[in-house]
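# Survey of secondary and tertiary structure
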Amino acid sequence: MHHVFRYVRCSLAPLPTLIKTTTFQWRAMATHTGRTYNDAIDALNSLQTPYAIIEARRKAGIRPDATSIAEMRVYLRRIGYSSSDLHRLNILHVAGTKGKGSTCAFTASILSHYQHTHGVPQRIGLFTSPHLIAVRERIRLNGVPLSEELFARYFFEVWDRLGEAEEREGPMVVDERLGVPTPPRPIYARYLTLMSYHVFIQMGVDAAVYETGIGGEYDATNIVDRPLASGISTLGIDHVFALGDTVEKIAWHKAGIMKPGSAAFTIEQVPGAAQVLQERANDKGVFLKVLDVDPRLEGVKIRPDALFQKKNASLGVALAETALQKLDPNFKPNAAALSKEFVDGLEQVVWRGRCEVKPEGPIIWHIDGAHTVDSLKMATRWFAGECATKSGLKALIFNQQGREEAVHFLEGMLTALKTHGQGDSDAFEHVIFCTNVTHAETGYKRDFVNYQYDPEAIKALTAQHGFAKKWADLDPKANVTVMPTIEDAINHVRGLGASVGEGQTVQALITGSLHLVGGALAILEGADAL
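These remarks concern the structure in this document.

### Here's the deal with the layout of surface pockets
Any empty space left between atoms is shown by rolling a water-sized probe over those atoms. There is about 410 Å³ of room inside the second largest pocket. For the second largest pocket, the lining is made up of 24 residues, of which L126, R140, G143, V350 and W351 are closest to its centre. Mapped onto the lining of the second largest pocket, the elements with two or more residues apiece are α6 (100–118) and β3 (124–127). When residues in the lining of the second largest pocket are grouped by element, the largest group, 6 residues, is from α6.

In structure tokens, the structure reads:
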């Protein structure tokens, strides 16, 4: 057994030190001082819920509920809008456990290609989470992340409006159970959702694709009363504390985005989830259309060429067709074939950090964010398929921070690799577990700062040691290494690449948390946003 714990020098200062401010200071200062993009991100980070509070809420059994929606509606009113103002955005609302981001990307890409030819929609909004490199990636106009200047401008417009409303109206108490006023500004993800509505309305967006954050029923994006259509991608087990520990409980939450008078689509689900979705649709008076893989995808180059992605593409096609039927009187879906705009939208979609292959000298990086046991199995099968005809060392970089159950995901990955024709003699020779800290010397990039995880556990590499022990038990032949940062992990694999002979390669898979994937792409590409 080769079980190596290697420590590389790095800066792991307490997280508040990394942005050189405190929550109190930023809540007070952001209204009066800097107005740059970095100022906006520092102020936004002050709205994160600290780990200690998250743990206290968890122990007290406090979960998202209808109060979350009531609060968002008050915040929306305080920045000058009502729910009816959101109707002009023609929102396509997508929930799911796996594939919701890909579905949103397919939908927006189809609309974009149609726009280039027909001028409709006039302006397309896309709201997704999480970001990979820069927070501004979450809010896109016509496929492009908001510029730093526009992000800062709209961020502080919302910030100021909420502050002025608090001064004018006084504190609001929405949740009587807590007995304390609701904060004047919502927490991190809800603030960005609120800001996206402001941006899209101000910029004249007439088609907006929204990805839910967690669940659906009580998600911050679910204050829209009349979406143009809703779509639910594949359901599975995830976010158990907030959504429940069975697929049926999770399906109940996801089904919350379906609204009377709006089209609703889903794809094939496991029986328990399918039944709950249908029951909730019946209760809401919604006709839920269950889509098979669209036969018009025959001959269309969907990447990766896998059933799960064709299901996501089929859902994206249905949502885009629904939008265009309203927005363009001349649009008529062709039941026999997809138009060139649809084909181009599907084939040319850009959705970074998912099934990406990046050659770098002798190293072939395979990058795929995956956060559930099922999606990690899919990522590993995809990697195995990509490597099936290639020789060379195989290396894995993995992390899932703050999720105790993630240690049990590893066995599924190893099994997926072996059952895809990669036997014991051809598994991962090198396995590296690291934190989501980006750089060895400077720590987190501003956009990656995350207060929601235990800083002491990060500093002690607690999760990473747990992963390493588990993998060593599963595969005693593997060289298992623990690294404190993403940069260290990547450099470790680069060292492997430097040691192979001429013409040989290292096939490397980076998977797990999207925060890991985003940090890796930032290092590999030196990019500021994707």
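### Section: the pattern of salt bridges
By the definition in use, this model includes 27 salt bridges. Notably, a salt bridge pairs R58 with E55, separated by 3.4 Å at the nearest N-O pair. Of this pair, R58 and E55 both sit in helix α4 (residues 51–59), 3 residues apart, roughly one helical turn. Residue classification places R58 among the partly exposed positions, given a relative accessible area of 37%. In this structure E55 comes out as partly exposed when scored by relative accessible area, which is 22%. Sharing partners across several salt bridges, the network here consists of R77, R78, E166, R168 and E169.

### Concerning the nonpolar core
Core analysis: the biggest nonpolar cluster contains 46 residues, and L86, L89, F151, F155, M195, V199 and F200 have the highest contact counts within it. Mapped onto this core, the elements with two or more residues apiece are α3 (37–45), α5 (66–78), β4 (139–141), α7 (148–169), α8 (188–202) and β6 (207–211). Here this core takes 9 residues from α8, the largest share from any one element. Not counting residues up to four positions away in its chain, the partners in contact with L89 are Y197, F200, I201, V205, D206, A207 and A208. With 38 residues, the next largest nonpolar core counts L111, V300, L324 and L338 among its residues.

### Some thoughts on empty space enclosed by the protein
In this structure the tally under the stated criterion is 1 cavity of 30 Å³ or more. In this structure, the largest cavity occupies an estimated 60 Å³ of space. Its residues assigned to classes, the lining of the largest cavity shows 4 nonpolar, 4 polar and no charged.

Conventions and cut-offs
- Residues numbered from 1 in each chain as written.
- Predicted model: local features only at pLDDT ≥ 70, side-chain atom pairs only at ≥ 80, totals over all residues.
- Heavy atoms only, no water.
- 1 Å grid on protein atoms, 1.4 Å probe; cavity = no way out; pocket = protein on both sides within 12 Å on 5 of 7 lines; lining within 4 Å.
- Points joined across faces, edges and corners; volume = space filled by probe spheres on them.
- Helix = DSSP H or I, 4+ residues; strand = E, 2+ residues; numbered from the N terminus.
- Salt bridge = Lys/Arg side-chain N within 4 Å of Asp/Glu carboxyl O.
- Buried < 20%, exposed > 50% of the residue type's maximum accessible area, 1.4 Å probe, protein only.
- Core = buried A, V, L, I, M, F, W, Y, C linked by side-chain atoms within 4.5 Å.
- Contact = heavy atoms within 4.5 Å.
- Nonpolar A, V, L, I, M, F, W, Y, C, P; charged D, E, K, R; others polar.

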